[in-house]
Amino acid sequence: MSVNSIGDYSFDSRDKLENFHGAMLVFIQWEQHLVYCAPFAFPLPPDMLLGDVMKNIVLPAYAYHPDSEKATLEDFEKGQWLLDNKPLQADFTKSLAENGVKHQSILRVTIPGLDGLVGQGSAA
Amino acid sequence: MALDIKTTIIKPKRHTYSHIAERLGSDRPASRYEEASFDVEPTSNFHYRPVWDPRFEIYDTARTKIQMEDWYVLTDPRQFYYGTYTINRNKMFEAAETQLNFVETRGLLANLTEADRTLVQKIILPLRHYEWGANMNNVQITRFGSGTIVTQATAFNAMDRLGLAQLICRIGLAFDAALADTDSSCLHATRAQWTDDELWQPLRKALEDSFVVEDWFELFVAQNFIMDNFVYQFVYTQFDDMLIEKGITSISLMTEIFRKYRADSSRWVNAVLKRAISENEENKKQIAEWVADWSKQVTPAVKALALYIQPEQADKAVQICEEAVQKHITAIGL
Amino acid sequence: MAITRSKPKMGIKERYASMTRDLGWETSYQPMDKVFPYDKFEGIKIHDWDAWVDPFRLTMDAYWKYQSEKERKLYAVIDSFAQNNGQMGITDARYLNAIKLFITGVSPLEYAAHRGFAFAGRHFRGVGMRVASQMQSIDELRHAQTQLHAMSHYNKFFGGMHSSHLMYDRVWYLSVPKSYFDDAMTAGPFEFLTAISFSFEYVLTNLLFVPFMSGAAHNGDMATVTFGFSAQSDESRHMTLGIEIIKFMLEQDEANLPIVQRWIDKWFWRGYRLLALVSMMMDYMLPKRVMSWREAWEIYFEEAGTALFEDLSRYGLKMPKYYEVANWEKDHLSHQVWSTFYNYAGATAFHTWMPNDNEMEWLRDKYPDSFEKHYQPRFEHFIKEQKKGNRFFNNTLPMLCQTCQIPFIFTEPGDPTTTCFRETHYKGNRYNFCSDGCKDIFEQEPEKYIQAWLPVYQIYQGNCGGKEIEDVLRWYNFNLGEDNGEYLDSPDYDLWTQWKESQSRAV
């Protein structure tokens, strides 16, 4: 459907890619680790390596979670990934763009065996 | 013991809200008017454009040609916020009701000759529609004006005008009560007079033209300054003087509130305009232009009334009216 | 001379009509459609505006009389509250965080309602509806102003209340209430009334106003109780306007039904998402609790709301879409929201804390199906770390829902362990949503929601005072270390402890 208006009603998306000064908006979540209440939002250059994103940005962000000590960068790379709800074979040596990540994409990762504070089903 | 605590540790950290302190220049206790009025209207980061008028933001200073560095300098000398306003108006309208009741219980309307009664009914009662139009215009400004300090006062003024429209209805009902020989209310005729009688067409035209004015500040000038000054001066002062000269005081008692209201609201309207005019030359020029335009539109309305009341005195009456309005125009700095 | 008095020539109803509806006229120097340009484009068909019957028949003199009496009493109480240091009579300074949320997140909505009802009060061509809207418009101004006055005294002693209107324009979580009301104000006048008068004032108000006001009563906050009590008779008028406008639209033309249903679906979900803030207030912020969010939802929505929609079914209206999801979420909502604000305590103008043992027990008791399993472990972890001096502050910024603007904290209906994601594409761009409800709303009017001013993304675009979080918080006009952060580390807590100690010493 479309809006019912008086006069022309068309505006740019307030969050269009051009507004982010060369970066794109990417959302990342380590699933089941809901001590962190929501996925992170980061403005990231499309040519940044996924491995660098994880190593330098995402893992430090999760540092407060006890599971973060148990998970290495390799564990994350081997984890089960979803990009925009479709399975992804994550390649840490490739850029975000090469991994198929786009503006406003959502990356979700699960590492089997690391299920949060008290194991399966509590999501903490 | 409670005293001990008070003197030792119950010291306020601040005396008012921080945006108020910023305006006052220091953190001192602020008045209720200040806390209720300053900076209440949102100014930035609006989420969506109105679907009914996508040209503008939800609140948009571009809705008028008048430019103010800070809209909050347009303060109301009466310092009305909802509480003080409501208490004040309750008193004002209670007093009016008392006077109306006095006229009714003393049977003062029964004294009028039929010709005078018809004249009064024909001049006063249709003005309930004028008051309703003034209500519409002030509600419009309340939605689209800039700055709570301006729009709360127009909101109050809008409700005043509804109250005054209803008071005219009460005057009509007082006439009804005084006249045992008719079955229908004299109010029934007013709308047809307002819409069809030649007497009212120039005023109705001016008012309807104001309904479609886009610039809210122009509307403020047109309604609250020009049309009101002309209409109130002519009807509630000059016409009333004429009735008193004829020995008719009952009408004056019933319409006393209109003069009180006008004196009160003029103080605010003039203060707003005077300050806006002093802001810059462009404002002054623009407001002067609106004043001239709307005076031109409303003069025929007054003339029509004057011709109806006393054709031979009409030119003089209009001239007196124009002179009285001119005093207000001079007072605001034009 | 004899006083001649005839019998009244008008009955009460006719007399009221003469003072309202009869004031209007059909304009002819300007076409009616130009004088009233906004009341047709929404597609609502009105055949007889005079069929609108004002349920109150309140003339202005009566209005001023009632309202001025209430104002006199209210200000007498506010004055004596300040003189007697009423702030010391509350249960605990933690309570005031509910008030901070109120003055920053609710009072500005009262003001927005004032302006929104002015729009309705000018732009319906039916005079009766205009008069009713105008009265509500100034009532709403009253509420905004009395709230500023009632809370002014607390502001003198406690943080988080000093800049409510600026914060409303800028602070991230306040974009939730702001976008809600901006959405209503940018809609046409019929949708505005459906949104605010019906969906909010009539269907959901008991879940906003009542919790705040009874919370105040339970926690010794006489200032808030008094304005709440004083506003009650205004509110009942507003609620009546809400139900009457729905009936009016539905009675005027059958073709109005699908439009009204779509609006009710939208505004139920918009309003419900807004109430997420209230749920945490009820379950976590009140030192002395009134009832749980779950109980309130059951009483005020599941029971009362269902009865209402059963009653309205004679017009063909159905329960709002996704009400089942809201019912399911009642076991989770407040805990998920409180976790979020605990995460982001560094960036809020109120304090958060972890519940004490008694409160944990209350939560287990009120939420037997969810709390112990899903939320207690999280909270125990927070408490354990906090005791070690490692209070959790989430230093990242969250992903936000394009419609309701709340971070992605909600989980899949039926599965409290998996975050719920929905998406859509519009003109080559991807948009993300926290729920089917929010996604549907976007898809009805994508042109509108792509404009949303989403605070996190605005920070990243460089529009919020600077690159560092601290710059942003300064731009929010926060007094750092005073307005934000953990309650136990706050000046509020220190001050309260000091007062309580000196009181007990004096005793």
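Structure: above.
With that settled, the discussion passes to the overall build of chain C. When helices and strands are tallied, chain C shows 23 helices and two strands. A compact globule built from 507 residues should have a C-alpha radius of gyration of about 23 Å, and chain C, at 24 Å, falls within 12% of that. Projecting the C-alpha coordinates of chain C onto the three principal axes gives extents of approximately 90 × 65 × 45 Å. Buried residues in chain C amount to 69% of all 507 residues. Restricting to contacts in chain C with at least 6 residues of sequence separation, those with at least 24 account for 78%. Accessible area of chain C: about 16300 Å², with a carbon and sulfur share of 50%.

Here the focus is the sheet that holds strand 3 (residues 80–83) of chain A. All names here are of chain A. An order of 2-1-5-3-4 is seen for the five strands of this open sheet, with the pairing classed as mixed. Both outer strands of the open sheet, strand 2 (40–44) and strand 4 (86–88), are each paired with one neighbouring strand and no more. Ignoring which end each strand starts from, the neighbouring axes of this sheet average 30° apart. One ladder, built from five bridges, connects strand 1 (residues 24–30) with strand 2; its direction is antiparallel. Each residue of the ladder has a partner; that of Val26, found in strand 2, is Phe42. The strands that helix 1 (residues 50–61) touches are strand 1, strand 2, strand 3 and strand 5 (105–110); relative to strand 2, the one it contacts most, it runs at about 140°.

So, about the interface of chain C and chain B. Across the contact, 109 residues belong to chain C and 99 residues belong to chain B. Interface of chain C and chain B: buried area, both sides summed, is about 9000 Å²; carbon and sulfur atoms make up 60% of it. Its largest share of buried area at the contact with chain B, chain C owes to Trp25, Tyr29 and Trp64 of chain C, together 10% of the area lost on that side. Applying the counting criterion to the chain C and chain B interface returns five salt bridges. Ionic pairing is found between Lys65 of chain C and Glu94 of chain B, a salt bridge with its closest N-O pair at 4.0 Å.

For the rest of this paragraph, the subject is the side chain of His381 of chain C. In this fold, His381 of chain C is placed in helix 18 (residues 371–387). The exposure class assigned to His381 of chain C is buried, which follows from its relative accessible area of 6%. The contacts of His381 of chain C, once residues within four sequence positions are left out, are Val35, Tyr64, Pro66 and Leu117 of chain A.

Counting residues at the interface gives 46 residues for chain A, matched by 53 residues for chain C. Together chain A and chain C conceal approximately 4300 Å² of surface at their shared face, both sides included; 57% is due to carbon and sulfur atoms. When residues of chain A are sorted by the area they lose upon contact with chain C, Arg14, Cys37 and Tyr64 of chain A head the list and together hold 17% of the total. Between the two partners, chain A and chain C, sit one salt bridge. Asp84 of chain A serves as the salt-bridge partner of Arg430 of chain C, at 3.4 Å between the closest nitrogen and oxygen. The tally of links between chain A and chain C comes to 21 residue pairs in polar contact (both at pLDDT 80 or more). Counting only elements with at least two residues in the side of chain A that touches chain C, the list comes to strand 1, strand 2 and strand 5 of chain A. Counting residues per element, the side of chain A that touches chain C draws most heavily on strand 2 of chain A, which supplies four residues. Tallied by class, residues from the side of chain A that touches chain C come to 26 nonpolar, 14 polar and six charged.

All names here are of chain C. Under the definition given, this model contains 85 aromatic pairs over all chains. Ring centres of Trp172 and Tyr173 lie 5.2 Å apart, and the angle between their planes is 85°; this geometry places the pair in the edge-to-face category. One exposure class covers both Trp172 and Tyr173, and it is buried. A centroid spacing of 6.2 Å and a plane angle of 70° characterise the contact between Trp269 and Tyr322, whose relative ring orientation is edge-to-face. Within this pair, whereas Trp269 is found in helix 12 (residues 256–274), its partner Tyr322 is found in the loop between helix 14 (293–312) and helix 15 (323–329), the two being separated by 53 residues in sequence. Owing to a relative accessible area of 2%, Trp269 belongs among the buried residues under this scheme. Cation over ring: Arg391 sits above Phe393, and NZ or CZ is 4.7 Å from the ring centre.

Now for the layout of surface pockets. Considering only enclosed or pocket space, the largest pocket measures out at about 530 Å³ in volume. Lining the largest pocket we find 26 residues, and of these Arg23, Asp39, Glu41, Thr43 and Tyr72 of chain B sit closest to its centre. Counting residues per element, the ones that place at least two in the lining of the largest pocket are helix 2 (18–24) of chain B together with helix 7 (164–170) of chain C. For the lining of the largest pocket, a count of residues per class yields seven nonpolar, 10 polar and nine charged.

Residue and element names in this part refer to chain C. Interhelical geometry of helix 9 (residues 189–204) versus helix 14 gives an angle of 125° and a closest axis separation of 10 Å. Relative to helix 14, the element helix 9 is oriented oblique. Within the contact between the two elements, helix 9 uses Phe198, Tyr202, Val203 and Leu204 and helix 14 uses Trp297, Phe301, Leu308, Phe309 and Leu312. Its residues assigned to classes, the contact of helix 9 with helix 14 comprises nine nonpolar, no polar and no charged.

Let us look at the pattern of salt bridges. The tally for this structure, following the rule as stated, stands at 69 salt bridges over all chains. A salt bridge links Asp160 of chain B to Arg89 of chain B, with the shortest nitrogen-to-oxygen separation between them at 2.8 Å. You can see Asp160 of chain B sitting in helix 7 (residues 148–178) and its partner Arg89 of chain B sitting in helix 4 (residues 82–105), a full 71 residues away along the chain. Each member of the pair, Asp160 of chain B as well as Arg89 of chain B, is classed as buried. Here the salt bridges do not stand alone but share partners, grouping Lys70, Glu71, Asp139, Arg142, Asp234 and Arg237 of chain C into one network.

Phe217, Val235 and Phe239 of chain B together with Phe158, Phe181, Phe190 and Tyr457 of chain C are the most contacted members of the largest nonpolar core, which has 336 residues in total. Ranked by residues supplied to this core, first place goes to helix 10 (residues 216–245) of chain B with 18 residues.

All names here are of chain C. Considering the arrangement of structural elements, one finds His351 in the loop between helix 16 (333–343) and helix 17 (357–366). Exposure remark for His351: the relative accessible area of 0% places this residue in the buried category. At 3.0 Å, the side chain of His351 forms a polar contact with the backbone oxygen of Gly485. Ignoring anything within four residues of it in the chain, the contact list for His351 reads Asn97, Lys100, Trp338, Glu482, Asp483, Asn484, Gly485, Glu486, Tyr487, Ser490 and Asp492.

The rules behind each value
- Residues numbered from 1 in each chain as written.
- Chains lettered and ligands numbered in written order.
- Predicted model: local features only at pLDDT ≥ 70, side-chain atom pairs only at ≥ 80, totals over all residues.
- Heavy atoms only, no water.
- Helix = DSSP H or I, 4+ residues; strand = E, 2+ residues; numbered from the N terminus.
- Rg over C-alpha atoms; globule rule 2.2 N^0.38 Å.
- Buried < 20%, exposed > 50% of the residue type's maximum accessible area, 1.4 Å probe, protein only.
- Contact = heavy atoms within 4.5 Å.
- Areas by Shrake-Rupley, 256 points an atom, 1.4 Å probe, with all protein chains shown as cover.
- Pairing = 2+ DSSP bridges.
- Axes fitted to C-alpha atoms, helices over the stretch in contact; angles between N-to-C directions.
- Buried area = accessible area lost by both parts, 1.4 Å probe.
- Salt bridge = Lys/Arg side-chain N within 4 Å of Asp/Glu carboxyl O.
- Polar contact = N/O pair within 3.5 Å; in protein donor to acceptor, adjacent residues only side chain to side chain.
- Nonpolar A, V, L, I, M, F, W, Y, C, P; charged D, E, K, R; others polar.
- Phe/Tyr/Trp six-rings, centres within 6.5 Å; stacked < 30°, edge-to-face > 60°.
- Lys NZ or Arg CZ within 6 Å of the ring centre and 35° of its normal.
- 1 Å grid on protein atoms, 1.4 Å probe; cavity = no way out; pocket = protein on both sides within 12 Å on 5 of 7 lines; lining within 4 Å.
- Points joined across faces, edges and corners; volume = space filled by probe spheres on them.
- Parallel < 35°, antiparallel > 145°, perpendicular 65-115°, else oblique.
- Core = buried A, V, L, I, M, F, W, Y, C linked by side-chain atoms within 4.5 Å.

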